[in-house]
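Residue-level structure breakdown
Here is how the chains run, residue by residue.
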Amino acid sequence: MGLQESLASDKFVVTSEISPPKGTGVEEILANAELLRGRVDGINVSDLRSSIMRLGSLAVCHLLQEKGLEPILQMTCRDRNRLALQADLLSAAVLGIKNVLALTGDYASLGDHPQAKPVFDLDSVSLIRVIKKLEAGTDMVGNALSGRPKFFVGAVVNPGGNPVEAQIIKMEKKIRAGASFFQAQAVYDIGAFEKFMKRVAPLKVPVLAGIIPLKSAGMARFMSKNVAGVFVPELLIQKMAKAEDRVKTSIEIAADLIKELKGMCQGVHIMPIGWESKVPAVLDAANL
Amino acid sequence: MFLAQQKPLEEILKSLVGKKNIFILGCNGCAEAGGTAGEPQVLEMRRALERAGKEITGFSVVGFLCQKTLVQSSLQGKAQEVAAADSILAMSCGVGVQTVAAVSDKITHPACNTISLGKICGEWNVFERCRVCGDCVLDLTGGICPLTACPKFLLNGTCGGTTKEGKCEVDPEISCGWLLIYERLKKLGQLEKLQQINEPEDHSKMLPPKGLLLSGRCPVERGK
């Protein structure tokens with residue numbers, strides 16, 4: 001079952017994420033992806049995550065596709081203008097890649113090439129519209145295509161955005177533009193997320209809550225302080241601080257969050273950020 | 001107004017390697033107002049270059065370094081000093097540097113980096129407010145320009161990177177432009193404007209009309 005079918009069914013959907021390496025050594029990420037076989041409904045392949053130059057998302061998605069896994073191609077607007085984005089979408093289509101996650105992207109100066117020219121010719125909303133136009137058989141300015149691509153388009157939302165109203169307005173725009181599902185920023189504050197889900201329920205679009213396993217109390221504090229829209233309750237920070245076995249506690253926390261989220265949203269998106277090999281243990285602990 | 005910023009002295013000296021005798025040009029236009037090329041800065045540059053072993057053959061602070069006639073007459077008035085120089089150092093924006101280069105047979109070195117058109121659209125200082133994009137959407141954004149207020153030039157609302165303090169994750173010193181737009185529209189009771197999906201910018205409009213690209217409009221050019 002592909003991601004689209006999974007989301008159309010009643011099941012609790014799980015997606016996870018791998019980040020291509022800096023270089024051509026793909027053995028490790030392919031092994032990590034293999035651990036997810038049969039356990040998740042889709043695997044995001046990030047697009048130069050954190051604006052760090054790496055192997056491209058499209059090539060890795062192709063490798064996953066060849067192995068019969070279900071890749072989700074992340075596409076940001078940071079590095080490519082409208083010509084290159086459309087060309088890469090067509091390239092993805094001929095490689096059989098169906099799922100595309102459209103994002104604006106981190107700013108260039110935050111990565112390892114701060115000298116790079118930030119492109120942002122399109123934004124996430126206009127990128128989604130462009131994808132829909134390609135599907136309708138023309139490029140974004142209306143020239144006919146020979147052969148139409150078909151995609152399943154997702155987008156992101158930050159439930160802790162400041163202010164959340166602005167995030168919801170943009171979420172609605174993404175839906176009108178053609179987004180069929182959402183992956184959300186990391187959630188630790190269940191109460192706040194529940195409120196968010198109540199507000200977006202009328203939009204009737206699947207939302208996968210973000211799960212980032214906490215690696216340490218320090219990481220939890222850092223994210224809470226520095227990552228926009230992320231709030232880690234003190235209780236969880238203390239749990240990590242007191243943990244005898246950090247990995248075990250981290251997995252427990254992630255699994256508990258997933259269990260609590262189960263009644264609230266259509267699934268979870270697990271972003272392991274280096275702890276890819278621990279995703280199966282999180283799923284085991286969450287009975288998924 | 002063009003806003004420029006003086007290059008680090010090491011960079012200027014690197015550009016002047018092998019050039020012993022220098023003539024310095026300041027500008028009493030935007031560059032003077034911006035604090036990069038008035039007489040005090042020119043004199044300071046002269047001292048700095050002399051300390052670095054350069055010979056300053058002379059200097060002049062021109063009313064507007066972007067005004068060809070003014071630059072020409074100023075250089076003629078200092079013909080000997082200019083002739084004795086290997087190079088000219090222009091402490092203005094890029095337009096000034098190009099003007100000097102166009103009327104002089106010396107290599108012109110820029111002492112500044114031009115960083116903004118600044119308040120070319122008016123007299124409201126401090127922040128850049130117009131990027132001369134040719135595709136204005138200010139009516140949709142509560143009168144706050146998303147191109148200058150948002151580093152990602154977003155046209156369809158905030159990214160997820162607004163900090164708890166309402167700042168931009170790219171630079172904690174600046175407010176999130178889209179938060180400012182949101183607050184302005186909310187105050188005006190026009191939040192529905194945020195729901196409109198805006199087309200990507202038409203960058204072809206950024207190119208000035210051909211007539212403006214040709215410099216034949218200027219009497220000085222025509223008299224050549």
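What counts, and where the lines are drawn
- Residues numbered from 1 in each chain as written.
- Chains lettered and ligands numbered in written order.
- Predicted model: local features only at pLDDT ≥ 70, side-chain atom pairs only at ≥ 80, totals over all residues.
- Helix = DSSP H or I, 4+ residues; strand = E, 2+ residues; numbered from the N terminus.
- Buried ≥ 20, exposed ≤ 12 C-beta atoms within 10 Å, placed from the backbone.
- Contact = placed C-beta atoms within 7 Å.
- Rg over C-alpha atoms; globule rule 2.2 N^0.38 Å.
- Nonpolar A, V, L, I, M, F, W, Y, C, P; charged D, E, K, R; others polar.
- Domains from an automatic or database assignment.
- Pairing = 2+ DSSP bridges.
- Axes fitted to C-alpha atoms, helices over the stretch in contact; angles between N-to-C directions.
- pLDDT = per-residue confidence, 0-100.
- Core = buried A, V, L, I, M, F, W, Y, C linked by C-beta atoms within 7 Å.
- Parallel < 35°, antiparallel > 145°, perpendicular 65-115°, else oblique.
- Left-handed = near helix turned anticlockwise from the far one by under 90°.

Side note on the overall build of chain B
Within chain B, the regular secondary structure consists of ten helices and eight strands. Residues counted as buried form 37% of the 224 residues belonging to chain B. Within chain B, contacts between residues separated by at least 24 positions form 61% of all contacts whose residues are at least 6 apart in sequence.

Looking at the overall build of chain A
Helix and strand counts for chain A come out as eleven helices and eight strands. Scaling as 2.2 N^0.38, a compact globule of 288 residues should have a C-alpha radius of gyration of about 19 Å, and chain A matches this with 18 Å. For chain A, buried positions account for 49% of its 288 residues. In chain A, once contacts between residues fewer than 6 apart in sequence are set aside, the share between residues at least 24 apart is 77%.

Overview of the interface of chain B and chain A
Taken together, the contact between chain B and chain A spans 24 residues of the former and 27 residues of the latter. Per-class residue counts for the side of chain B that touches chain A are twelve nonpolar, nine polar and three charged.

Let's talk about the domain arrangement of chain B
Accessible area lost upon the coming together of the parts serves often as the stated size of an interface. Domain boundaries in chain B define domain 1 (3-116) and domain 2 (146-206). Relative placement of domain 1 of chain B and domain 2 of chain B: their C-alpha centres are 39 Å apart.

Looking at the sheet that holds strand β6 (residues 181-186) of chain A
Residue and element names in this part refer to chain A. With parallel pairing, eight strands are arranged side by side around a closed barrel as β1-β2-β3-β4-β5-β6-β7-β8. Strand-to-strand, the axes of this sheet are offset by a mean angle of 30 degrees, without reference to chain direction. Against the sheet, helix α5 (residues 124-135) engages β3 (71-76), β4 (99-103) and β5 (152-157), with an angle of about 150 degrees to β4.

Notes on the confidence of the model for chain B
When pLDDT is averaged along chain B, the result is 86, and 86% of the positions lie at 70 or above. Both confidence scores are given for the complex: pTM 0.87, ipTM 0.90.

A word on the nonpolar core
Counting 99 residues, the largest nonpolar core has L73, A102, I131, F182, A209 and I211 of chain A as its most contacted members. With seven residues, the single largest contributor to this core is helix α10 (residues 246-261) of chain A. Leaving out residues up to four positions away in the same chain, A209 of chain A has contacts with A184, V187, F193, L261, C265 and V268 of chain A. If you look at the next biggest cluster of nonpolar residues, it comprises 33 residues, including A4, L25, A37 and C112 of chain B.

Examining the sheet that holds strand β4 (residues 87-90) of chain B
Residues and elements named next belong to chain B. Ordered by their spatial adjacency, four strands build an open sheet running β3-β2-β4-β5, and the pairing between neighbours is parallel. Strands at the two margins of the open sheet, each flanked by one partner only, are β3 (55-62) and β5 (107-110). Taken pair by pair, the neighbouring strands of this sheet meet at an average axis angle of 25 degrees, ignoring direction. For strand β2 (residues 21-27) and β4, the ladder comprises four bridges, and the chain directions are parallel. What sits directly across from I24, in β4, is L89. Together, β2, β4 and β5 form the strand contacts of helix α6 (residues 94-103), whose direction differs from that of β5 by roughly 170 degrees.

Side note on the pairing of strand β8 (residues 171-175) of chain B
For β8 of chain B, a buried count of zero out of five residues is recorded, marking the element as mostly open to its surroundings. Between the antiparallel neighbours strand β7 (residues 167-168) of chain B and β8 of chain B lie two residues.

Description of unusual backbone geometry
Residue and element names in this part refer to chain A. Cis rather than trans, the peptide bond between N162 and P163 has omega equal to -10 degrees. You can see P163 is positioned in the loop between β5 and α6 (164-177). The phi dihedral of I273 falls on the positive side, at around 40 degrees, and the residue is not glycine. Along the chain, I273 falls in the loop between β8 (267-270) and α11 (279-285). Given 16 C-beta atoms within a 10 Å radius, I273 is considered partly exposed. Non-glycine residue N287 carries a positive phi angle of around 60 degrees. Its location among the elements puts N287 in the segment after α11. Of the residues examined, N287 has 9 C-beta atoms within 10 Å and is grouped as exposed.

Overview of the packing of α5 of chain A against α6 of chain A
Residue and element names in this part refer to chain A. Interhelical geometry of α5 versus α6 gives an angle of 10 degrees and a closest axis separation of 8 Å. Between α5 and α6, the angle is such that the two are roughly parallel. Viewed along their axes, α5 and α6 form a crossing whose handedness is right-handed. Along its contact with α5, which presents S124, V125, I128, R129 and K132, the element α6 presents K173, K174 and A177.

Quick word on the packing of helix α4 (residues 82-94) of chain A against α5 of chain A
Residue and element names in this part refer to chain A. Two elements in contact, α4 and α5, have axes whose closest approach is 11 Å; the angle formed by their N-to-C orientations is 50 degrees. When the axes of α4 and α5 are compared, the pair comes out oblique. Remark: the crossing between α4 and α5 carries right-handed chirality. Here α4 contributes L85, Q86 and L89 to the contact with α5, which in turn contributes L127, V130, I131 and L134. In terms of residue class, the contact of α4 with α5 is made up of six nonpolar, one polar and no charged.

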